[in-house]
Amino acid sequence: MMGGPSAERLSALLGLLVVMLATLPRYLDGGHETRLSLMLMASAVVAVVAVLHWRLLDAVARQRLPDLLRRLGFCLLAGLAVMAGWYALAATLTGWQVLISHGATAGLLMHVLSLWWRRERSDAR
């Protein structure tokens, strides 16, 4: 299942970058300088890969990207809402940093699952 660059992969890669950046406040607040440094370095690598991926996209894929980024943004907001609801019910929230981090992670999972589900449905036709 090897393939070239696609708008879907780039949107997932950008979502990963958002999740990585969303963890930074937790590391700042917790005083985890080593983890913070490692996450910043890994984020820089992911950003470079995203730029390279963008450059490899053809014109058709670049036209699909804005819709995918809107879907990613919606999924990130939905993930934040789901996690806020979860923490409201569980009453175990330890800070806004955890909510942002977990919400972004849940949103990225929703986005990637929606891409996978959409692809499976289109392959079945």
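Residues numbered from 1 in each chain as written. Predicted model: local features only at pLDDT ≥ 70, side-chain atom pairs only at ≥ 80, totals over all residues. Heavy atoms only, no water.

Section: the overall build of the protein
Step number 1: Counting secondary structure elements, the protein contains five helices and zero strands.
Step number 2: Starting at the N terminus and walking to the C terminus, you meet the elements of the protein as α-α-α-α-α.
Step number 3: In the protein, which comprises 125 residues, the share counted as buried stands at 33%.
Step number 4: Expressed as a percentage of contacts within the protein between residues at least 6 apart in sequence, the contacts between residues at least 24 apart total 72%.
Step number 5: Accessible area of the protein: about 8200 Å², with a carbon and sulfur share of 68%.
Step number 6: For the protein, the separation between the mean place of its 12 positive charges and that of its 7 negative charges on side chains is 4 Å. (Helix = DSSP H or I, 4+ residues; strand = E, 2+ residues; numbered from the N terminus. Buried < 20%, exposed > 50% of the residue type's maximum accessible area, 1.4 Å probe, protein only. Contact = heavy atoms within 4.5 Å. Areas by Shrake-Rupley, 256 points an atom, 1.4 Å probe, with all protein chains shown as cover. Lys, Arg positive; Asp, Glu negative; His and termini not counted. Charge placed at Lys NZ, Arg CZ, Asp CG, Glu CD.)

Side note on the side chain of Ser11
Step number 1: Mapped onto the secondary structure, Ser11 falls in helix H1 (residues 7-22).
Step number 2: When near neighbours in sequence (up to four residues on either side) are disregarded, Ser11 contacts Leu65, Leu68, Leu69, Leu72, His111 and Leu115.

As for the environment of Tyr27
Step number 1: Tracing the backbone shows Tyr27 in helix H2 (residues 24-30).
Step number 2: When the C-alpha atoms of Tyr27 and Val82 are compared, they prove to be 23 Å apart, with 55 residues separating the residues in sequence.
Step number 3: Excluding its chain neighbours within four sequence positions, the residues that come into contact with Tyr27 are His32, Arg35, Leu36 and Met39.

Things to note about H1
Since the α-helix packs 3.6 residues into each turn, any two residues three or four apart lie on the same face.
Step number 1: Between its first and last C-alpha, H1 extends 22 Å over 16 residues, near the 22 Å set by a 1.5 Å rise per residue.
Step number 2: Of all the positions in H1, only Ala7, Leu10, Ser11, Leu13, Gly15, Leu17, Val19, Met20 and Ala22 are classed as buried. (Expected span 1.5 Å × (residues − 1).)

Re the pattern of salt bridges
Step number 1: Considering all chains together, one arrives at two salt bridges under this definition.
Step number 2: Its salt-bridge partner being Glu8, residue Arg64 comes within 2.8 Å of it at the nearest N-O pair. Placement of the pair is Arg64 in helix H4 (residues 59-90) and Glu8 in helix H1, with a sequence separation of 56 residues.
Step number 3: The exposure class of Glu8 is partly exposed, given its relative accessible area of 28%. (Salt bridge = Lys/Arg side-chain N within 4 Å of Asp/Glu carboxyl O.)

Re a nonpolar patch on the surface
Step number 1: On the surface, Leu113, Trp116 and Trp117 cluster together into a nonpolar patch covering about 420 Å² of accessible area.
Step number 2: Tracing the sequence through the fold places Trp117 in helix H5 (residues 96-124).
Step number 3: Accessibility expressed as a relative area gives 57% for Trp117, which makes it exposed. (Patch = residues over 30% accessible without salt bridge, like charges linked within 9 Å, V, L, I, M, F, W, Y side chains within 5 Å.)

Structural notes on the nonpolar core
Step number 1: In terms of nonpolar packing, the biggest core is built from 16 residues, with Ala7, Leu10, Leu13, Met39 and Val46 touching the most fellow members.
Step number 2: Counting residues per element, the ones that place at least two in this core are H1, H2, helix H3 (33-56) and H4.
Step number 3: The greatest single-element share of this core, amounting to five residues, is contributed by H1.
Step number 4: The contacts of Leu13, once residues within four sequence positions are left out, are Val46, Val49, Ala50 and His53.
Step number 5: In terms of nonpolar packing, the next biggest core, distinct from the first, is built from six residues, Ala22, Leu72, Leu76 and Leu108 among them. (Core = buried A, V, L, I, M, F, W, Y, C linked by side-chain atoms within 4.5 Å.)

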